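# Overview (structure and organization)
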Amino acid sequence: EPEVTQTPSHQVTQMGQEVILRCVPISNHLYFYWYRQILGQKVEFLVSFYNNEISEKSEIFDDQFSVERPDGSNFTLKIRSTKLEDSAMYFCASSEASGRVDTQYFGPGTRLTVL
Amino acid sequence: DQQVKQNSPSLSVQEGRISILNCDYTNSMFDYFLWYKKYPAEGPTFLISISSIKDKNEDGRFTVFLNKSAKHLSLHIVPSQPGDSAVYFCAASFGDAGNMLTFGGGTRLMVKP
């Protein structure tokens, strides 16, 4: 069964450093998403991406964040200058975008620890 | 912002019995609802969904009920199995492709043998 994959599974970085989280969405999917879950809190939407541009973003997704689809398979989330409060699980998701209802499928997550 | 709420942080059920997980929402513009199951150190796994034009959707042991007037949905698992022990999240969206999901806080289900 096709699945979303994410690398690395765990990333440790120093405050102020740049990190890039990588995702390979399901191959025939057209919409891509990033969510995060801070320990003990809800899963929160960050950004959605379609046709090589951001389609929607939340207040969390400020200028420190960017997304890119550098080739036909990868989808990346970059945090330019990490802060302690960026420590969280980051989940990538993708959806087929067929029809009016749209189910998002999630990857296993990357645990980001900012020291 | 508590647009989607799961008021029970945990639920314990005996194997073979029914598990009922509840979810409430406040935004009447939501028209597509999903349930995800999550094990520790894994991503949310899609279980079942329902569109607002329906009041029930069934898939094997899992049934989701939607009460639009009450802005309430529930997930029934029958019969419950120990492998169902996980955190269950409900999520809501405006339905169109590319729309964000708004998640509830999750309910930890423990199914005892």
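Each remark here, short or long, concerns the structure printed above.
Each chain carries its own residue numbering, running from 1 in the written order of its sequence. Labels follow written order: the first chain is A, the first ligand is 1, and so on. The model is predicted, so local features are restricted to residues of pLDDT at least 70 and side-chain atom pairs to those at 80 or more, both for listing and for counting; the totals for chains, interfaces and linings are taken over all residues. Hydrogens and waters are ignored; side-chain quantities use all the structure's heavy atoms.

Turning next to the pairing of strand S3 (residues 19–24) of chain A. Residue and element names in this part refer to chain A. Relative accessibility under 20% of the residue-type maximum defines a buried residue, over 50% an exposed one, and the middle range a partly exposed one, all with a 1.4 Å probe and only protein chains included. Strands here mean DSSP runs of E at least two residues long; helices mean DSSP runs of H or I at least four residues long; both are numbered from the N terminus. Here S3 shows a buried face lined by Val-19, Leu-21 and Cys-23 and an unburied face lined by Ile-20, Arg-22 and Val-24. Direction of pairing for strand S1 (residues 5–7) relative to S3: antiparallel, over a ladder of 3 bridges. Considered in S3, the bridge of Thr-5 is made with Val-24. Should DSSP find at least two bridges between two strands, the strands are taken to pair. Alignment of S3 against strand S8 (residues 75–79), held across 5 bridges, turns out to be antiparallel.

Turning to unusual backbone geometry, a few remarks are in order. In this structure, Pro8(A) follows Thr7(A) across a cis peptide bond, with omega equal to -10 degrees. With respect to the helices and strands, the residue Pro8(A) is situated in the loop between S1 and strand S2 (10–13). The omega angle of the peptide bond from Val78(B) to Pro79(B) is -10 degrees, so this bond is cis rather than trans. One can find Pro79(B) in the loop between strand S8 (72–77) and strand S9 (86–93). The backbone phi angle of Asn52(A) is positive, close to 65 degrees, even though this residue is not glycine. In this structure, Asn52(A) sits in the loop between strand S5 (43–50) and strand S6 (53–57). Asn52(A) sits in the exposed class, given a relative accessible area of 59%. Not every positive phi belongs to a glycine, and Ala41(B) is a case in point at roughly 65 degrees. With respect to the helices and strands, the residue Ala41(B) is situated in the loop between strand S4 (32–38) and strand S5 (45–51).

A separate point is the nonpolar core. Phe33(B), Trp35(B), Leu73(B), Leu75(B) and Tyr88(B) are the most contacted members of the largest nonpolar core, which has 23 residues in total. Secondary-structure elements contributing two or more residues to this core are strand S3 (19–25), S4, S5, strand S7 (62–67), S8, S9 and strand S11 (107–112) of chain B. The dominant element in this core, judged by the number of residues it contributes, is S9(B), at 4 residues. The contact rule is simple, with two residues in contact once any of their heavy atoms fall within 4.5 Å. Ignoring anything within four residues of it in the chain, the contact list for Phe33(B) reads Tyr25(B), Ile48(B), Ser49(B), Ile50(B), Leu66(B), Leu73(B), Ala91(B) and Ala92(B). Formed by 22 residues, the second largest nonpolar core is a distinct cluster that contains Leu21(A), Ile26(A), Phe49(A) and Ala88(A). Put simply, buried Ala, Val, Leu, Ile, Met, Phe, Trp, Tyr and Cys residues joined by side-chain atoms within 4.5 Å make one nonpolar core.

A covalent bond between the sulfur atoms of two cysteines is referred to as a disulfide. Criterion for a disulfide: a pair of cysteine sulfur atoms at a distance within 2.5 Å. Enumeration over the complete set of coordinates arrives at 2 disulfides over all chains. Residue Cys23(A) pairs covalently with Cys92(A) via a disulfide, S to S 1.9 Å. Judged by the sign of its S-S torsion, about -65 degrees, the bond between Cys23(A) and Cys92(A) is left-handed. With Cys23(A) in strand S3 and Cys92(A) in strand S9 (residues 88–95), the pair connects residues that are 69 residues apart, well separated along the chain. Cys92(A) sits in the buried class, given a relative accessible area of 0%. At a sulfur-sulfur separation of 1.9 Å, the disulfide partner of Cys23(B) is Cys90(B). Measuring handedness by torsion sign, the sulfur bridge of Cys23(B) and Cys90(B) sits at about 60 degrees and is right-handed. Here the residue Cys23(B) occupies a position in strand S3, and Cys90(B) occupies one in strand S9, the gap between them amounting to 67 residues.

As a further point, take the sheet that holds S7(B). Residues and elements named next belong to chain B. Spatially, the 5 strands line up as an open sheet ordered S1-S3-S8-S7-S6, and their pairing is antiparallel. Two strands close off the open sheet at either side, each with one partner strand: strand S1 (4–5) and strand S6 (56–59). Pairing between S1 and S3: 2 bridges, direction antiparallel. The partner of Val-4 across the bridge, within S3, is Tyr-25.

Quick look at the pattern of salt bridges now. Residue and element names in this part refer to chain B. Salt bridges are defined as contacts in which a side-chain nitrogen from Lys or Arg sits within 4 Å of a carboxyl oxygen from Asp or Glu. The final tally for this structure, using the stated rule, is 3 salt bridges over all chains. For Lys-56, the salt bridge goes to Glu-58, with nearest N and O atoms at 4.0 Å. A salt bridge links Arg-61 to Asp-84, with the shortest nitrogen-to-oxygen separation between them at 2.8 Å. A residue pair is termed long-range when its members are at least 10 positions apart, and Arg-61 in the loop between S6 and S7 and Asp-84 in the loop between S8 and S9 qualify at 23 residues.

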